[in-house]
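Working through the structure, step by step
Read off the chains here:
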Amino acid sequence: MMEREVAIKVKDLTYSYKVSRSIGETSSYIKVALNRVSLEILEGEKVSIVGPNGAGKSTLLLSVAGLLDGLIDGDCGSGEIFVFGKKLEKKTIYDIRENIGFVFQDPNDQLFSTSVFDEVSFGLVNYLNKKKDARARDKGYIEKVVRETLKIVKLENIKMEEIPHFLSFGEKKLLALATVLSYNPRILLLDEPSSNLDPYNRKNFIELIKGMDKTIIIATHDLDLAYQLSDRCMILNDGKLIFDGDAREVLSDRAFLERNRLDLPLVLQSPDL
């Protein structure tokens, strides 16, 4: 069997936020969000990062995507991040981002265009322009890719001219995913992807992600999602990586989960609990 490439390598990553003590006060304190986190994720792995609120899950994803202020210049963080062997730094950040599709927890933070078509085509056109690819000006090609991408996320019946603001929350979630799938990144980073999804859309999302041949990292407090979707699970608590291994093993360990302010996935809980 061919050895898989290391998609993401994180070495001794530390990141801190400056937090105001109270409204109106100028004094602040330092909150350590990540504390010397190290990990490796292979290409094609589907990994869930779980932990209680404030554990550092979203901070870790934002760090890998190069979206946190003060990380690269060392003002708020330290350590090293590599994406497919390339170190994340100022001169490489835009090349690295071409390999990464980041989907935010709230799709309203990601969607900004006045039509579904413009939302999905935006990342694709930018990607092609950066590569000096003539297809960036080929309207037929762009429309073809947009339609194919909407079909992947099961939004093929949405009108291209539809205003994203008026879509349901579940449709917005899927549209946000389509905006990054359009340029076919090798890595997907999904922050709380199942939050506020109804059971039908949640089921569709899980099936969609399971069928993707990509490196996928999900930050979530939804332990049922982690149990169903990933073979590998990382647990963060107070900014520290305290477990990295088999998802079903750790998510079945009630005592360990409770020590880390977590509970068993609902699918494993007795009906009379």
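Scroll up for the structure.
Here the structure is a predicted model, which is why all the values come from computation and not from measurement.

The rules behind each value
- Residues numbered from 1 in each chain as written.
- Predicted model: local features only at pLDDT ≥ 70, side-chain atom pairs only at ≥ 80, totals over all residues.
- Heavy atoms only, no water.
- Helix = DSSP H or I, 4+ residues; strand = E, 2+ residues; numbered from the N terminus.
- Rg over C-alpha atoms; globule rule 2.2 N^0.38 Å.
- Buried < 20%, exposed > 50% of the residue type's maximum accessible area, 1.4 Å probe, protein only.
- Contact = heavy atoms within 4.5 Å.
- Areas by Shrake-Rupley, 256 points an atom, 1.4 Å probe, with all protein chains shown as cover.
- Lys, Arg positive; Asp, Glu negative; His and termini not counted.
- Charge placed at Lys NZ, Arg CZ, Asp CG, Glu CD.
- Pairing = 2+ DSSP bridges.
- Axes fitted to C-alpha atoms, helices over the stretch in contact; angles between N-to-C directions.
- Parallel < 35°, antiparallel > 145°, perpendicular 65-115°, else oblique.
- Left-handed = near helix turned anticlockwise from the far one by under 90°.
- Nonpolar A, V, L, I, M, F, W, Y, C, P; charged D, E, K, R; others polar.
- Patch = residues over 30% accessible without salt bridge, like charges linked within 9 Å, V, L, I, M, F, W, Y side chains within 5 Å.
- Salt bridge = Lys/Arg side-chain N within 4 Å of Asp/Glu carboxyl O.
- Core = buried A, V, L, I, M, F, W, Y, C linked by side-chain atoms within 4.5 Å.

1. Considerations on the overall build of the chain
In terms of regular secondary structure, the chain is built from nine helices and 10 strands. At 19 Å, the chain has a C-alpha radius of gyration in line with the 19 Å of a compact globule built from 273 residues. When the backbone C-alpha atoms are referred to their principal axes, the chain occupies close to 55 × 55 × 50 Å. Each of the 273 residues in the chain was classed as buried or not, and the buried ones make up 50%. A fraction of 65% describes how many contacts in the chain between residues 6 or more apart in sequence connect residues 24 or more apart. Accessible surface computed for the chain: about 14400 Å², of which carbon and sulfur atoms make up 49%. Distance from the positive charge centre (38 side chains) to the negative charge centre (42 side chains) of the chain: 4 Å.

2. Overview of the sheet that holds strand β6 (residues 100–103)
Across the sheet, which stays open at both edges, the six strands sit in the order β6-β7-β8-β3-β9-β10 with mixed pairing between neighbours. The sheet is open, and its two borders are formed by β6 and β10 (240–246), each paired with just one other strand. When the angles between neighbouring strand axes are averaged without regard to direction, this sheet yields 15°. Two strands pair when backbone bridges link them, and strand β3 (residues 46–50) and strand β8 (residues 215–220) are joined in this way by five bridges, in the parallel orientation. By the bridge assignment, Ser48 is partnered in β8 with Ile218. Docked against the sheet, helix α5 (residues 169–181) engages β6 and β7 (187–191), running at close to 165° with respect to β6.

3. Structural notes on the packing of helix α3 (residues 116–130) against helix α4 (residues 139–152)
Between α3 and α4, whose axes approach to 10 Å, the crossing angle comes to 120°. Accordingly, the angle class assigned to the pair α3 and α4 is oblique. In the crossing of α3 with α4, the sense of the turn from one axis to the other is right-handed. Touching Val116, Phe117, Val120, Ser121, Leu124, Val125 and Leu128 of α3 are Tyr141, Ile142, Glu143, Val145, Val146, Thr149 and Leu150, all from α4. The residue makeup of the contact of α3 with α4, split by class, is 11 nonpolar, two polar and one charged.

4. Some words on a negative patch on the surface
On the surface, Asp231, Asp246, Glu249 and Asp253 cluster together into a negatively charged patch. Relative to the helices and strands, Asp231 resides in the loop between α7 (223–229) and β9 (232–237).

5. Observations concerning the packing of α5 against helix α6 (residues 199–210)
With their axes 10 Å apart at the nearest point, α5 and α6 run at an angle of 15° to one another. Taken together, the axes of α5 and α6 are roughly parallel relative to one another. Once α5 is placed against α6, the crossing between them reads as right-handed. Between α5, through Gly170, Leu174 and Leu177, and α6, the contact on the second element is made entirely by Asn201, Leu208 and Ile209.

6. Re the nonpolar core
One finds Leu150, Leu177 and Leu190 to be the most contacted residues of the largest nonpolar core, which totals 36 residues. Counting residues per element, the ones that place at least two in this core are α3, α4, α5, β7, α6, β8 and α7. Considering every element that reaches this core, the biggest residue donor is α5, with seven residues. Leu177 has contacts with Val103, Val153, Leu188, Leu190, Leu208, Ile209 and Met212, leaving out every residue within four places of it along the chain. By size, the runner-up hydrophobic cluster in this structure holds 33 residues, among which are Tyr15, Val47, Ile49 and Leu68.

7. Remarks on helix α1 (residues 57–64)
With seven of its eight residues buried, α1 lies for the most part within the structure. Buried within α1 we find Lys57, Thr59, Leu60, Leu61, Leu62, Ser63 and Val64.

Any functional reading would require information that these geometric values do not contain.
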